[in-house]
Amino acid sequence: MLIDGHEPVQQQVSTIPKGFNPDHLKVYYGKLFPHADIFKWMSYGNDGKHPGCDLSYFGRREFSFTLENDIYLRFQSFNSATELEHAIREKCPFKIDIGPVYSVDPAKRHAYAQGGDNVFTPMERELIFDIDMSDYDDVRYCCSGADVCLDCWPLMTVAIKVMDRALRDDFGFDHILWVYSGRRGVHCWVCDRRARRLTNEQRAAVADYFRVYKGSENNAKKVSLTGPVLHPFLARSYTDVLEVFFEKKLLCGQQLFSTQEKYEKILAIIPDESTAAELHDRWQGNRRSSIPKGDPNIVRWEQLKHTLQSGKHKGQGLRRCIEEIVFSYTYPRLDMEVSKHMNHLLKAPFCVHPKTGRVCVPIDPDHCEDFDPTAVPALSEVSSLKTVET
């Protein structure tokens, strides 16, 4: 249900997620949630303490609250950290989303709608990226949907490593915040001033720079690396991150060649049917000589590489297919629409995911391989701090 401000709300049957206790949420918002830090961050110096600052800046930022019973409050705005804290503690939202800075106070937007002038428009917004583990379901076999474990989570680690370096080295951004979504993925906030002022077209161009995975469920081949050589960004990502991760972790961790169903998905990426058939017959296992000695995942991957890299197939352009397989299984898969539009909402850091009860904590990109999503504090755990003096 979507409402604005104080408009009437229809009563609904309670839909509190299992294990999500609103009383615990009150404790969290009252004692642990960093209201003042969120205000300082979102103000970007426009907090009244610096000469020439825009005192209306934070007040033009949209916040959205999702309350119990799926009540959705859009276009909330606050003029100070105190107002923000008061509203959060009073409403106790199950989820907090952050939107752009508008041209006028979003809570008063109706007052500017007279005359047909389009004066209510987004002016600034962090460049954001959303990466969900569920988009990798075709390349992971340990979990599916919103479920994650330590076997598939490294796919998120790879995404952070690849994108963080490119955002810094290729685009020159410095102020980048990575946040655990609380359930199945990660969010990236690029906060540099020039990133916040990008137009929708410019945001789409940046997002498209990272777009390699272009397939659909109906396409066996979802990555096509064209040209005689890889783009420097892709070559760097492949050499420094993707290839090592694929061969050292994903290959055996997900048992990519352990069954016919799994390796047939990989063989389907090879454009030459005779080459794919040759490898398929070799792995059928109907002859004793075809049974590999050692881990079949490692052995079959080496056989595939040797076949595609041999002189016999060099003229067919199949060498690039090895890179395409690695990119298909490891390269970051972005929700492109989130990044393209300035007015898109994104879950606030440090809020609590309503499905899991886990806190959306920041991730250090320099040590992202040490991050364990299963060890993130949950709302039920912080409830024990109720008696702690602040």
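All values reported here derive from a predicted model rather than from experimental measurement.

Here is what the cut-offs are and how they apply
- Residues numbered from 1 in each chain as written.
- Predicted model: local features only at pLDDT ≥ 70, side-chain atom pairs only at ≥ 80, totals over all residues.
- Heavy atoms only, no water.
- Helix = DSSP H or I, 4+ residues; strand = E, 2+ residues; numbered from the N terminus.
- Contact = heavy atoms within 4.5 Å.
- Areas by Shrake-Rupley, 256 points an atom, 1.4 Å probe, with all protein chains shown as cover.
- Phe/Tyr/Trp six-rings, centres within 6.5 Å; stacked < 30°, edge-to-face > 60°.
- Buried < 20%, exposed > 50% of the residue type's maximum accessible area, 1.4 Å probe, protein only.
- Salt bridge = Lys/Arg side-chain N within 4 Å of Asp/Glu carboxyl O.
- 1 Å grid on protein atoms, 1.4 Å probe; cavity = no way out; pocket = protein on both sides within 12 Å on 5 of 7 lines; lining within 4 Å.
- Points joined across faces, edges and corners; volume = space filled by probe spheres on them.
- Nonpolar A, V, L, I, M, F, W, Y, C, P; charged D, E, K, R; others polar.
- Core = buried A, V, L, I, M, F, W, Y, C linked by side-chain atoms within 4.5 Å.
- Axes fitted to C-alpha atoms, helices over the stretch in contact; angles between N-to-C directions.
- Pairing = 2+ DSSP bridges.
- pLDDT = per-residue confidence, 0-100.
- Parallel < 35°, antiparallel > 145°, perpendicular 65-115°, else oblique.
- Polar contact = N/O pair within 3.5 Å; in protein donor to acceptor, adjacent residues only side chain to side chain.

Thoughts on the overall build of the protein chain
Here's step 1: Each helix and strand in the protein chain was counted, giving 14 helices and ten strands.
Here's step 2: Taking the intrachain contacts of the protein chain between residues at least 6 apart in sequence as the baseline, contacts between residues at least 24 apart amount to 68%.
Here's step 3: Entry remark: accessible area of the protein chain is about 19100 Å², with carbon and sulfur atoms responsible for 49%.

Structural notes on the packing of aromatic side chains
The geometry of an aromatic ring pair is captured by the separation of the ring centres together with the interplanar angle, meaning the angle of the planes.
Here's step 1: As enumerated under the stated definition, the model contains 30 aromatic pairs in all.
Here's step 2: Aromatic pair F58 and F63: ring centres 5.7 Å apart, planes at 50°, arrangement tilted. Accessibility classification places F58 together with F63 in one group, the buried group.
Here's step 3: Measuring from ring centre to ring centre gives 5.9 Å for Y238 and F327, while their planes differ by 10°; the resulting arrangement is stacked. Linking Y238 in helix α7 (residues 232-253) with F327 in helix α12 (residues 319-330), this pair joins segments that are 89 residues apart in sequence.

Some remarks on the pattern of salt bridges
Here's step 1: What the rule picks out here adds up to 20 salt bridges.
Here's step 2: Residues D54 and R60 are paired through a salt bridge, measuring 2.7 Å at the closest nitrogen-oxygen approach.
Here's step 3: With a shortest N-O distance of 3.2 Å, R165 and D169 are connected by a salt bridge. Taken together, the positions of R165 and D169, both in helix α4 (residues 154-169) and four residues apart, correspond to about one turn of that helix.
Here's step 4: For R165, a relative accessible area of 37% translates into the label partly exposed.
Here's step 5: One connected set of salt bridges, linked through shared partners, spans R61, R125 and E126.

Concerning the layout of surface pockets
Here's step 1: Considered as a void within the structure, the largest pocket measures approximately 550 Å³ in volume.
Here's step 2: Together, 24 residues line the largest pocket, and K95, K347, H353, P354 and K355 are the ones closest to its centre.
Here's step 3: Mapped by element, the contributors of at least two residues to the lining of the largest pocket are β2 (61-67), β4 (95-102), β6 (127-132) and β9 (346-347).
Here's step 4: When grouped by side-chain class, the residues that make up the lining of the largest pocket number seven nonpolar, seven polar and ten charged.

Section: the nonpolar core
Here's step 1: One finds F63, F129, F210, L304 and F327 to be the most contacted residues of the largest nonpolar core, which totals 108 residues.
Here's step 2: Ignoring sequence-local partners within four residues, the contact set of F63 consists of I38, M42, F58, L73, R74, F75, Q76, F78, L84, I96, D97 and I98.

What about the packing of helix α10 (residues 296-309) against α12?
Here's step 1: Contact geometry for α10 and α12: axes closest at 7 Å, N-to-C directions at 145°. On the side of α10, the interface is formed by W301, L304, K305, L308 and Q309, while α12 contributes R319, C321, I322, I325 and V326.
Here's step 2: Its residues assigned to classes, the contact of α10 with α12 shows seven nonpolar, one polar and two charged.

Re the pairing of β4
Here's step 1: Across the eight residues of β4, seven count as buried, placing the element largely inside the fold.
Here's step 2: Taken together, the two bridges between β4 and strand β5 (residues 122-124) define a ladder with antiparallel strand orientation. Looking at β5, one finds that Y102 is bridged to P122.

Some thoughts on the confidence of the model for the protein chain
Here's step 1: In this model, the protein chain carries an average pLDDT of 87, and 86% of its residues clear a pLDDT of 70 or more.
Here's step 2: Note on residues 3-14: pLDDT under 50 across the span, and 22 contacts to partners over four residues away in sequence or across chains.

Focus on the pairing of β6
Side-chain positions along a regular strand alternate between the two faces of the sheet.
Here's step 1: Of all six residues that make up β6, six are buried, and the element is covered over most of its length.
Here's step 2: A two-sided burial pattern is seen for β6, the buried positions comprising L127, F129 and I131 on one face and I128, D130 and D132 on the other.
Here's step 3: Alignment of β6 against strand β8 (residues 185-190), held across six bridges, turns out to be antiparallel. For D130, the partnering residue across the bridge sits in β8 and is H187.

Let's talk about unusual backbone geometry
Here's step 1: For D70, which is not glycine, the phi dihedral falls at a positive 60°.
Here's step 2: Within the secondary structure layout, D70 lies in the loop between β2 and β3 (71-76).
Here's step 3: In the Ramachandran plot, Q255 falls in the positive-phi region, its phi being about 50° despite a non-glycine side chain.
Here's step 4: By secondary structure assignment, the location of Q255 is in the loop between α7 and α8 (260-267).

Looking at the side chain of D132
Here's step 1: Inspection of the secondary structure puts D132 in strand β6.
Here's step 2: Note on D132: relative accessible area 15%, which makes it buried.

Considerations on the packing of α7 against α12
Here's step 1: Axis separation between α7 and α12 bottoms out at 10 Å; the angle between their running directions is 75°. Taken together, the axis directions place α7 and α12 in an arrangement best described as roughly perpendicular. Here α7 contributes L234, Y238, L242, E243, F245, F246 and L250 to the contact with α12, which in turn contributes I322, E323, I325, V326, F327, Y329 and T330.
Here's step 2: Grouping the amino acids of the contact of α7 with α12 by side-chain chemistry returns eleven nonpolar, one polar and two charged.

Re the side chain of D164
Here's step 1: Structurally, D164 is set in helix α4.
Here's step 2: For D164, a relative accessible area of 8% translates into the label buried.
Here's step 3: A distance of 2.8 Å separates the side chain of D164 from the side chain of R168, its partner in a polar contact.
Here's step 4: Those residues within four positions of D164 in sequence are excluded, and the remaining contacts are I176, W178 and P365.

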